[in-house]
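Structural features, examined
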Amino acid sequence: GTGTVFIDTSGVDTTSALFTEAGKYGVWVSGTGPLGLTDAYLEFTLFDANQLRAAFTPSLYGGIAPMEVCFTDNSTGDIETWVWDFDYLNKPGTQTLSYNKDNIPSRICTTYTDPSTTYTVHLTVDDGSATATAQNVVRTYSLLESSATFSITPGGSGYYCFKANLTGSVAVTGWQFGDGNIAGAVDETCHTYMASGTYLVHMLIEDTSTSETGDVVRTVVVDISSTQNPAFDATGACSLDRTATFTVENIGTGDMAAPEQYTIKNQSGDVVSFGTYLLKSGESIDIPVTNQANLVSFSTLDYGLSASTTCAPPPNLSNVTGSCSSDTLPVFSFSNNGETSFGSQDYTIKDSGGTTIVDDSFTLADGQMTLDIPVPVGNDPYDSYTFETTGPNGDFTVNEGPCAATKPTITVNHTCSAPLTFTIANTSAADMVVAQDWELTDGGGSTVSSGTVQLTGGSSQDVVLPGGNDPYAAYTLTVSGGFLPTVTDTSNCGQPTINITSTCSFPREFTISGDNPLSPATYTVRDSSSNVVTNGAVDLSGGDQIVTLANTVNPYAEYTLTVSDDGGFFGGVVDTQTCAAPVLDVTTDCTFPVTFNVTNTGGTVLTDVVYTVTDGSGSPVSGFQNQPLNTSGNQTITLPDTANPYENYTLEITDNDGFVTVAPEARTCTAPVLDVTTDCTFPVTFNVTNTGGTVLTDVVYTVTDGS
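Criteria and cut-off values
- Residues numbered from 1 in each chain as written.
- Predicted model: local features only at pLDDT ≥ 70, side-chain atom pairs only at ≥ 80, totals over all residues.
- Heavy atoms only, no water.
- Pairing = 2+ DSSP bridges.
- Helix = DSSP H or I, 4+ residues; strand = E, 2+ residues; numbered from the N terminus.
- Axes fitted to C-alpha atoms, helices over the stretch in contact; angles between N-to-C directions.
- 1 Å grid on protein atoms, 1.4 Å probe; cavity = no way out; pocket = protein on both sides within 12 Å on 5 of 7 lines; lining within 4 Å.
- Points joined across faces, edges and corners; volume = space filled by probe spheres on them.
- Disulfide = S-S within 2.5 Å.
- Buried < 20%, exposed > 50% of the residue type's maximum accessible area, 1.4 Å probe, protein only.
- Phe/Tyr/Trp six-rings, centres within 6.5 Å; stacked < 30°, edge-to-face > 60°.
- Patch = residues over 30% accessible without salt bridge, like charges linked within 9 Å, V, L, I, M, F, W, Y side chains within 5 Å.
- Areas by Shrake-Rupley, 256 points an atom, 1.4 Å probe, with all protein chains shown as cover.
- Salt bridge = Lys/Arg side-chain N within 4 Å of Asp/Glu carboxyl O.
- Core = buried A, V, L, I, M, F, W, Y, C linked by side-chain atoms within 4.5 Å.
- Contact = heavy atoms within 4.5 Å.

This paragraph deals with the sheet that holds strand β47 (residues 595-600). If you trace the 3 strands from one edge of the open sheet to the other, you get β46-β47-β50, paired in antiparallel fashion. Of all strands in the sheet, those bounded by a partner on one side alone are β46 (584-588) and β50 (635-638). The mean angle between the axes of side-by-side strands here comes to 20 degrees, regardless of whether they run parallel or antiparallel. Where β47 lies against β50, 4 bridges are found, and the strand directions are antiparallel. Looking at the pairing, Val 598 lines up with Gln 635 of β50.

Structure representation (structure tokens):
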């Protein structure tokens, strides 16, 4: 160290010294005895508590592959990062573990699978400014080494005995106790360790029949100051699922100095589990072994512990079958012909494409005779499935499905009707066994409405555009899911073409024709003062729509009919019509036969206009009472020849509907007053004179002689 210190310890076997500084030190001890003067020397290094140092201890230095080895980190210093190289497959860098001080793992373990291999494990630590590295060697045994072991029996303080456990022609060729001392080719030897510490004890062996050599290594932890020894209690029990569990408890006052090797065998003597454990005073461990039957035994090497338990006989699994459930998916069923429970056994269910949809395990409780494992709901009922299981209860492969043998054919189309309607149809005879989702979206992709559909063969379902949406815009209905192909349909219903025509008739009529609106539409008729005359809903589903005004409405006025969409989805259509009123004029003169002339300089007579001719007494002339006037309004009315042309007559025109007014026309014609005179002159002359009205009729004269 920093200097030489002499301590006089004459006559003292044990002494101590305080070292206050880190460094490398050497200790000499001198003495005399029966053989005279003797010396001994020990060199060691003390580290500062904060000095960066890499160090670790393996849980096993040697064992049978596959061998799990866990590592205890003994490094010191203000470490920032750790990097482990487990030398997996004898290839450094193949398997590593890195972490920092914020995510230190709870266990640092790896498993070595290759037999007869030496692995050099490295640990590198880094404090941000420097690194330090440590290494240890672990070995997996060869076939020869794996057949041999030795027990370790503590005798108190540092005294330990080692006894070989060998088979066949294997023999011990030597011992190495890990402290520099050795022993010869004996099956049993004892050794006293002079200092506490962890030592690797090597038993060197040779197969005398083949000359193959080997090295079996075990660890012993020595505490020479301890006088406490461990003691153990071992028990066994078997659960209903046939798991044999052995419990070992250290009931002594001392910790175990070396890992104990245990072996678990079945009734046939086959090893079903092998391993080690290391218990401190008061600690216990449970060692389970699954899927056991009949007698199961437990034994240890060093302390000779033994325990046993009896598990129930194995079940008799048979009759694995597949069937289709009410969900139209396969169910795989088991029958247990035995009476005991199953141990857990893994199984998979795969679809026809080989994709695993279930990866789980199953058990049967004690006395449970059947078990059903269904394909989970939500999988394709139109697919087939394979159930596979391998394990102690038997190996089985069962195929089932498809439970829905035929996929239905789904179509979507739309009808430009009021309202806009999409129809989802199942055009096949097969039923849909899983519902599909449908979604109605607008041209921008926003959802208008949605739902599900599940159709039997040959049926259909309508999806109606909700009110308040423009039926003339583009919409897409998508039907998807349900393990069927996705189908879509997009509407292409343009705005309607609507025409309005009207005729001058009584009552007045408008005709609305064209495309039936897909959204509610209204017609309104207004007069020239914008007063509403009538209104109603537009419905062209049955063809043209006739709008008839009431009989009380003047047919000779101006009217406007407007068609408008209640939601404002298409522009209005307007038609205005004026039907001119007739202008009737009546004239007459003194002619024969009696005649009245009616002329019309206005519009067509639309209403019920009649005429009546009365004589001078006010009585209607027969056949000329309430006679219809021509719709043209131009008409000559002539009385029969029997009507006295010299009598007074009046023509009255009446509109029974009250919309046309004409003043009565009177006819007054004076009758002629004839006087005949003659005188005796030559030639003979008669003079006829008329002091009255014009002669209108066919008046003739005749002259006769005296005979």
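Having seen it, we continue.
Let us look at empty space enclosed by the protein. According to the stated counting rule, one finds 1 cavity of 30 Å³ or more in the structure shown. Considering the residues around the largest cavity, the lining is formed by Ile 152, Pro 154, Tyr 160, Ala 257, Ala 258, Asp 302 and Tyr 303.

Right, let's get into the state of the cysteines. Think of a disulfide as a covalent bridge from one cysteine sulfur atom to another cysteine sulfur atom. Scanning the entire structure with this criterion turns up 7 disulfides. Residue Cys 504 pairs covalently with Cys 579 via a disulfide, S to S 2.0 Å. Measuring the twist about the S-S bond at about -95 degrees, one finds the Cys 504-Cys 579 disulfide to be left-handed. Of this pair, Cys 504 sits in the loop between β39 (498-503) and β40 (509-514) while Cys 579 sits in the loop between β45 (573-578) and β46, placing them 75 residues apart in sequence. Given a relative accessible area of 39%, Cys 504 falls into the partly exposed group. Each sulfur in the disulfide pair Cys 590 and Cys 669 lies 1.8 Å from the other. As the torsion about the S-S bond is roughly -100 degrees, the Cys 590-Cys 669 disulfide counts as left-handed. One end of the pair, Cys 590, is in the loop between β46 and β47; the other, Cys 669, is in the loop between β52 (665-667) and β53 (674-679), and 79 residues separate them in sequence.

On to the packing of aromatic side chains, then. Each aromatic ring pair is characterised by the separation of its centres together with the angle its planes make. Following the criterion strictly, the structure yields 22 aromatic pairs and no others. Consider the rings of Phe 162 and Trp 175, whose centres lie 6.3 Å apart with planes at 35 degrees: the pair is tilted. Of the two residues, Phe 162 is situated in strand β12 (residues 159-165) and Trp 175 in strand β13 (residues 170-176); the sequence distance between them amounts to 13 residues. Like Trp 175, Phe 162 is buried.

On the surface, a cluster of nonpolar side chains totalling about 920 Å² of accessible area is made up of Leu 674, Val 676, Val 684, Phe 686, Val 688, Val 695, Val 699, Tyr 701 and Val 703. Counting only elements with at least two residues in the nonpolar patch, the list comes to β53 and β54 (685-690). Of note, Leu 674 is situated in strand β53. The class for Leu 674 is partly exposed, based on a relative accessible area of 44%.

A few words on unusual backbone geometry. Leaving glycine out, the prevailing phi sign among residues is negative, and the prevailing peptide bond configuration is trans. Along the chain, Ala 65 connects to Pro 66 via a cis peptide bond; the corresponding omega equals 0 degrees. Topologically, Pro 66 is positioned in the loop between β4 (62-63) and β5 (67-73). Cis geometry is adopted by the peptide bond preceding Pro 593, which originates at Phe 592 and carries an omega value of 0 degrees. Locating Pro 593 in the fold gives a position in the loop between β46 and β47. Even without being a glycine, Asn 294 presents a positive backbone phi close to 65 degrees.

With that settled, the discussion passes to the pairing of strand β10 (residues 131-140). Regular strands place side chains that alternate from one sheet face to the opposite one. Note that β4 and β10 share 2 bridges and pair parallel. When the bridges of β10 are listed, Gly 63 appears paired with Thr 140. Both strand β9 (residues 117-126) and β10 contribute to a ladder of 10 bridges, which runs antiparallel. Along β10, the bridge assignment pairs Asp 126 with Thr 131. Taken together, β9 and the strand that follows it, β10, pair antiparallel across an intervening segment of 4 residues, in which Gly 128 is found at a positive phi of about 100 degrees.

This part covers the nonpolar core. Within the largest apolar cluster, 40 residues are counted, with the highest numbers of intra-cluster contacts made by Phe 422, Ile 424, Trp 438, Leu 477, Ile 512, Leu 561 and Val 563. At the level of secondary structure, the elements contributing two or more residues to this core comprise β32 (410-415), β33 (421-426), β34 (436-442), β37 (475-480), β39, β40, β41 (521-527) and β44 (558-565). Excluding its chain neighbours within four sequence positions, the residues that come into contact with Leu 477 are Val 412, Phe 422, Ile 424, Trp 438, Glu 439, Leu 440, Val 463, Val 487, Thr 488 and Asp 489. Core analysis: the second largest hydrophobic core is formed by 24 residues, Leu 144, Ile 152, Ile 205 and Val 220 among them.

It is worth stressing that arrangement in space is one thing and function is another; only the former is reported here.
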